[in-house]
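As a plain string of letters, each chain reads:
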Amino acid sequence: MKQLAWVATLIAVAACLMGCADTTSRARGVYMLLDTSGTYRTELNKAQSIVNYLLGTLQPGDSFGIARIDTGSFSEKDIIAKINFDGRPSVANNQKRLFKEKINGFIDSAKGSPHTDITGGVLQAVEYLNESGAGQKHILIFSDLEEDLEKGYMRDIPFRMEGVQVVALNVTKLRSDNIDPREYLKRLEQWRQRVEDGGGSWKVINDLERLEKILAG
Amino acid sequence: MAFPELFMVIPGPPMLSILLWLGLLMLLFYFAREPAHQAIRSLSRTFHSSLRLAARSLLLAERRLAGRNKEVLLASSRESMERVIEREFHRVDAVVKRDLAGYPSLQRALADQIARLEEDYRQSSELSPPIPTWVEAVEAVAKIPSNGDPTVSKVLEKIQVIVQNQQKAVMAEYRKNISHRHGLLKRMIPYWRRMTDTLEDVGKTITGLQERSAVIDRRMAEYEEIIANSDRAEQMYASSAMTQFFIAGFVLLIAIGGAVINFNLIALPMSEMVGGGSYIGQFKTADVAALVIILVEVAMGLYLMESLRITRLFPVIGSMDDRMRVRMIWITFGILLILASVESALAFMRDTIAADLHALRQSLVDAPATEPVNSWIPTVGQMALGFILPFALTFVAIPLESFVQSSRVVMGRAATGILRSGAFFLRVLATFASYTGTFLIHFYDLLIVPPLWIAGLIQGRQRNGQILSPKADHSPRSKIKVQEESA
C-alpha cells in the first residue's frame, strides 16, 4: 500500500513539475503570401495544392491566413481568408471545407498586379501571427522574391520576427536569373539576411513534392 | 637560461649530467628507503582496511536485509496461507451445512425406509397353507367298506366333491396370497433404490470431506513450516514469489496493451468534448482526459475487486461491514457501467469523426469519394470494444496485487544480490590495494638496485670480517667460562 501511495505521489508531483509549469502555446499559426504579380500569376495553381496540404495538416486550434502580394500588400484588404480553427475536430473540418472553397474562388478569379510589395506582405503576416498568439509561427511566401515597389512606397524597414519561420516556396528563376544565376542567388541571400537579421529563420523549398518539410522544425 | 640547462651541472655531453642526477636521485631514494617503505605500507594498509571495513558493512547490511526479506516473505506467506486454510474451512463448513446439516432428517428417512422395507419383507414372507385337519376324518371315512351300499357310495362321492371344491378354494387363496406378496416385494424396489441413492450421496459427501481434510492437513503442515521460520519454507515461497512476479508482470503488460487500445479509442472523440487545441503542459487536454477516464476505470475496478474481497490492497474496504461493502459494489459497478457506456458512445463518435476527416482529406486531394464496404462492422466493433474494455481492465486488480506483493520480495532479493556483489567487489579491491602496496615496495627497491647492491656488498664484507677475526667475545656463555677459569 505504501509503495502504491509513493508511486502515485511521485507521478502526481512529476506531472505537476512537467506540466503545470509549461504555459507555452502549442498552436500553430500559418500565414501564406501569394504573389499575384504579372509574371507569377500563372503559378497560382501550384499554390492550391500547398493550401490543400496545409488544410490537411493543420490541427484544431491552429490559425491559418492567406493574403496576396500586390502593389501595396501591407493592408488587411489583401487578406483573402483567415481562420482560427475550432477546437472541435468536426467543426474544424467544416471550416476547412469553407476555407478551401474561398481560396479556390480566389485562384480562379485572381488578377495580376503591376507591382510586387513582398515586404509589406511580410510585415502584415508578422502582425497577424503575433495577434493570433500562436506558439509556432510560419510565414510561407509563394513568390519569385523579386520585389518591385511602386514609386513612393517605403519598405526599407527592418523586420522584427523573433521565433518566426519564413519559408520561400516555388522561387522561380527569372529570365535574367538564367543569364546570370548570381542574381538569383543574391536575391535569395538578401531575403535570408533580412529575415535572420530580424530574428527569424529562413528556408527555401522549390520541390513541391516535399511539402512535409514546410512546417517541419 | 632554459629550464633543461639548469640541470646541466657538468659541461660537455648531457649524458654525464643525466647520470649524475640519476645517481643523486638513487642515493636520495636509498636513504629514504625505510620511510618510503613505511609510507607505502601504511597507505596500502589504510586502503585495505577501509575497503575490508566497507565490505564488511555491506555484508552486514546484506544479512540484515536478507533477514528482513525473510520476515516479510514469511509474513506474507503466512497471511496468504491463513487465507487458503480459512477458505478450505469455509468450504468444509459449506459442505457440512449443505449436506450434513440435514443428517438427522436423513437418518430418520433412512430409518423409515428400513422400517417400511422390514414391514414389507415381513408381510411378504410365505405362509404355509393351513393343515387340513379333516383329512384324517376323510381317510377314515374312505376306509369304510362300502359293500355295495349305495348310501355309503353317495356319501363318499359327496365327500369327494366337497374335498375337490375345498382344494380349489385353498389353492385359489394360496395363489392370491403369493400374488399379494409379489406385489409387496415389487413395492420394495423403489425403496431399495432410494435408499441406495441416499447412501451414495452420503458416501460422496464423506469422500469430499475426506479430500478437503487431506488438503487442510497439507496446508497446515506448510503453515507450521512457515511458523517455524524454516529455510525450506523461505525458499519455496521465494521461488513462488519470483514466478508470481513474472506472471503478474506479463499479465500487467497485456493489460497495458489493452489500456493503450482503449486510449486510442477515446482520445480523438475526447477532443470533440474538451477541444483539440488546448494543452496541459506538453500533453493535449484530450489525451489527458482520455487517460484520466482509463485510470478512473482502473481505480473503480480496483475498488470493485476489493469490495468483492477478491483482492486485499485496501484493508479499509476489506474491513467494512457487509451492507456497506455491498453498497460499494453496486456503486463501483454503476460507475463502471456508466463509463463503459460513455466509452462506447465515444467509440461511435470516433468512427464518425474519422469518416468525416477521411472525406475531407479525399476532397483536399480531389480524389473520388469511395464508399466503405460494410461500414457498420468497424463501428459496432469499436463500440463493443469501448464497452468491454473497461470491464476487462477491472481484472487488472488481481495481477496488480500479485505484482505489488511479489515485487517486494523480488526487489529485496535483488538488493541483497547487489549488496553481496558490492561486498565482493570491495574485497577484491582491498586485496588489490594490499598487493599493490607490496608491488610498490618492490618496485621502489628496483629503482635503487645499484645502491642496494653496493650496500649489500659492504654488509657482506663486514659480516665476513666479523666471522674471520672476532676481536672479543661478549656473549654470556664466554663470561661464564671466564668466571669458571678464575675460580
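In this text the structure is predicted, and so the values were computed from the model without any measurement. (Residues numbered from 1 in each chain as written. Chains lettered and ligands numbered in written order. Predicted model: local features only at pLDDT ≥ 70, side-chain atom pairs only at ≥ 80, totals over all residues.)

**Some details on the overall build of chain A**
Logical step 1: Looking only at helices and strands, chain A has 6 helices and 6 strands in total.
Logical step 2: Walking chain A from its N terminus toward its C terminus, one meets helices and strands in the order α-β-α-β-β-α-α-β-β-α-α-β.
Logical step 3: Counting the 217 residues in chain A, one finds 35% classified as buried.
Logical step 4: Here the contacts in chain A between residues at least 6 apart in sequence split such that 82% fall between residues at least 24 apart. (Helix = DSSP H or I, 4+ residues; strand = E, 2+ residues; numbered from the N terminus. Buried ≥ 20, exposed ≤ 12 C-beta atoms within 10 Å, placed from the backbone. Contact = placed C-beta atoms within 7 Å.)

**Quick notes on the overall build of chain B**
Logical step 1: Regarding its fold elements, chain B presents 14 helices and 2 strands.
Logical step 2: Going through the 487 residues of chain B one by one, you find that 16% of them count as buried.
Logical step 3: In chain B, of all internal contacts separated by at least 6 residues, the share reaching a separation of at least 24 is 81%.

**A look at helix α2 (residues 44–57) of chain A**
Structurally, the α-helix is built with 3.6 residues per turn, so residues lying three or four positions apart point the same way.
Logical step 1: Spanning 14 residues, α2 of chain A covers 20 Å between terminal C-alpha atoms, matching the ideal 20 Å at 1.5 Å per step.
Logical step 2: Turning to α2 of chain A, its buried residues number three or more, namely Ala47, Ile50, Val51, Asn52, Leu54 and Leu55 of chain A.
Logical step 3: Elements in contact with the buried residues of α2 of chain A: β1 (28–35), β2 (63–69), α3 (89–109), β4 (136–142) and β5 (164–169) of chain A together with α10 (322–364) of chain B. (Expected span 1.5 Å × (residues − 1).)

**Describing unusual backbone geometry**
Glycine aside, the phi torsion of most residues is negative, and most peptide linkages are trans.
Logical step 1: A positive phi angle is found at Asn170 of chain A, which is not glycine, with a value near 50 degrees.
Logical step 2: Mapping Asn170 of chain A onto the fold places it in the loop between β5 and α5 (175–179).
Logical step 3: Phi angles above zero are rare outside glycine, and Asn229 of chain B is one such case at about 55 degrees.
Logical step 4: Checked against the element boundaries, Asn229 of chain B lands in the loop between α6 (150–227) and α7 (231–274).

**Looking at the interface of chain B and chain A**
Logical step 1: With 20 residues of chain B at the contact, the number on the chain A side is 24 residues.
Logical step 2: Broken down by secondary-structure element, the contributors of at least two residues to the side of chain B that touches chain A are α7, β1 (279–280) and α10 of chain B.
Logical step 3: Of all the elements, α10 of chain B adds the most residues to the side of chain B that touches chain A, at 6 residues.
Logical step 4: Considering only residue class, the side of chain B that touches chain A consists of 10 nonpolar, 7 polar and 3 charged. (Nonpolar A, V, L, I, M, F, W, Y, C, P; charged D, E, K, R; others polar.)

**Looking at the packing of helix α8 (residues 285–307) of chain B against helix α11 (residues 376–394) of chain B**
All names here are of chain B.
Logical step 1: Interaxial distance between α8 and α11 falls to 7 Å at its minimum, and their mutual angle equals 50 degrees. As the angle between them shows, α8 and α11 are arranged oblique. The element α8 and its partner α11 pack so that their crossing is right-handed. Across from Glu297, Val298, Gly301, Leu304 and Met305 in α8, the residues of α11 making contact are Pro390, Leu393 and Thr394. (Axes fitted to C-alpha atoms, helices over the stretch in contact; angles between N-to-C directions. Parallel < 35°, antiparallel > 145°, perpendicular 65-115°, else oblique. Left-handed = near helix turned anticlockwise from the far one by under 90°.)

**Some remarks on the sheet that holds strand β3 (residues 79–84) of chain A**
Residue and element names in this part refer to chain A.
Logical step 1: The strand order across the open sheet built from 6 strands is β3-β2-β1-β4-β5-β6, with neighbouring strands paired in mixed fashion. The open sheet has two edge strands with one neighbour each: β3 and β6 (201–205). Adjacent strand axes in the sheet meet at a mean angle of 15 degrees, parallel and antiparallel pairs treated alike.
Logical step 2: Two elements, β5 and β6, share 5 bridges in a ladder whose sense is parallel. The partner of Gln165 across the bridge, within β6, is Ser201. (Pairing = 2+ DSSP bridges.)

**Section: the pairing of β1 of chain A**
All names here are of chain A.
Logical step 1: Of all 8 residues in β1, 8 are buried, a share of seventy percent or more.
Logical step 2: Because side chains alternate across β1, one face comprises the buried residues Arg28, Val30, Met32 and Leu34, and the other comprises Gly29, Tyr31, Leu33 and Asp35, equally buried.
Logical step 3: With 7 bridges connecting them, β1 and β4 associate as parallel partners. Its bridge partner being in β4, Arg28 is matched across the sheet by Gln136.
Logical step 4: Direction of pairing for β1 relative to β2: parallel, over a ladder of 7 bridges. Residue pairing across strands places Leu34 opposite Arg68, the latter belonging to β2.

**Looking at the environment of Ser17 of chain B**
Residues and elements named next belong to chain B.
Logical step 1: Mapped onto the fold, Ser17 is located in helix α2 (residues 14–31).
Logical step 2: The exposure class assigned to Ser17 is partly exposed, which follows from the 17 C-beta atoms found within 10 Å.
Logical step 3: Taking the C-alpha atoms as reference points, Ser17 and Phe7, separated by 10 residues in sequence, lie 7.0 Å from one another.
Logical step 4: Not counting the four nearest positions on each side in its chain, Ser17 is found in contact with Phe7, Met8, Val9 and Ile10.

**Re helix α12 (residues 397–447) of chain B**
Logical step 1: Here α12 of chain B is 51 residues long and its end C-alpha atoms lie 72 Å apart, about the 75 Å a rise of 1.5 Å per residue gives.
Logical step 2: In the structure, α12 of chain B departs most strongly from a straight axis at Ser407 of chain B, where the bend amounts to approximately 30 degrees. (Bend = angle between axes of the 7 residues up to and from the residue.)

**Section: the packing of α8 of chain B against α10 of chain B**
Residues and elements named next belong to chain B.
Logical step 1: Running from N to C, α8 and α10 cross one another at 155 degrees; their axes reach a closest spacing of 9 Å. Considering their axes alone, α8 and α10 lie roughly antiparallel with respect to each other. Two packed elements cross with a definite hand, and for α8 against α10 that hand is left-handed. Counting all contacts with α8, which are made through Ile293, Val296, Glu297, Met300, Gly301, Tyr303, Leu304 and Ser307, the residues of α10 involved are Arg325, Met328, Ile329, Thr332, Phe333, Ile335, Leu336 and Leu339.
Logical step 2: Looking at the contact of α8 with α10 residue by residue, the class counts come to 11 nonpolar, 3 polar and 2 charged.

**Topic: the confidence of the model for chain B**
When pLDDT drops low, the exact placement of atoms in the prediction is not to be read closely.
Residues and elements named next belong to chain B.
Logical step 1: Taken over all residues, the pLDDT of chain B has a mean of 84, while the share at 70 or more is 89%.
Logical step 2: When mean pLDDT is taken per element in chain B, α12 scores highest with 93 and helix α14 (residues 476–486) scores lowest with 50.
Logical step 3: Interface scoring of the predicted complex returns ipTM 0.75; its pTM is 0.64. (pLDDT = per-residue confidence, 0-100.)

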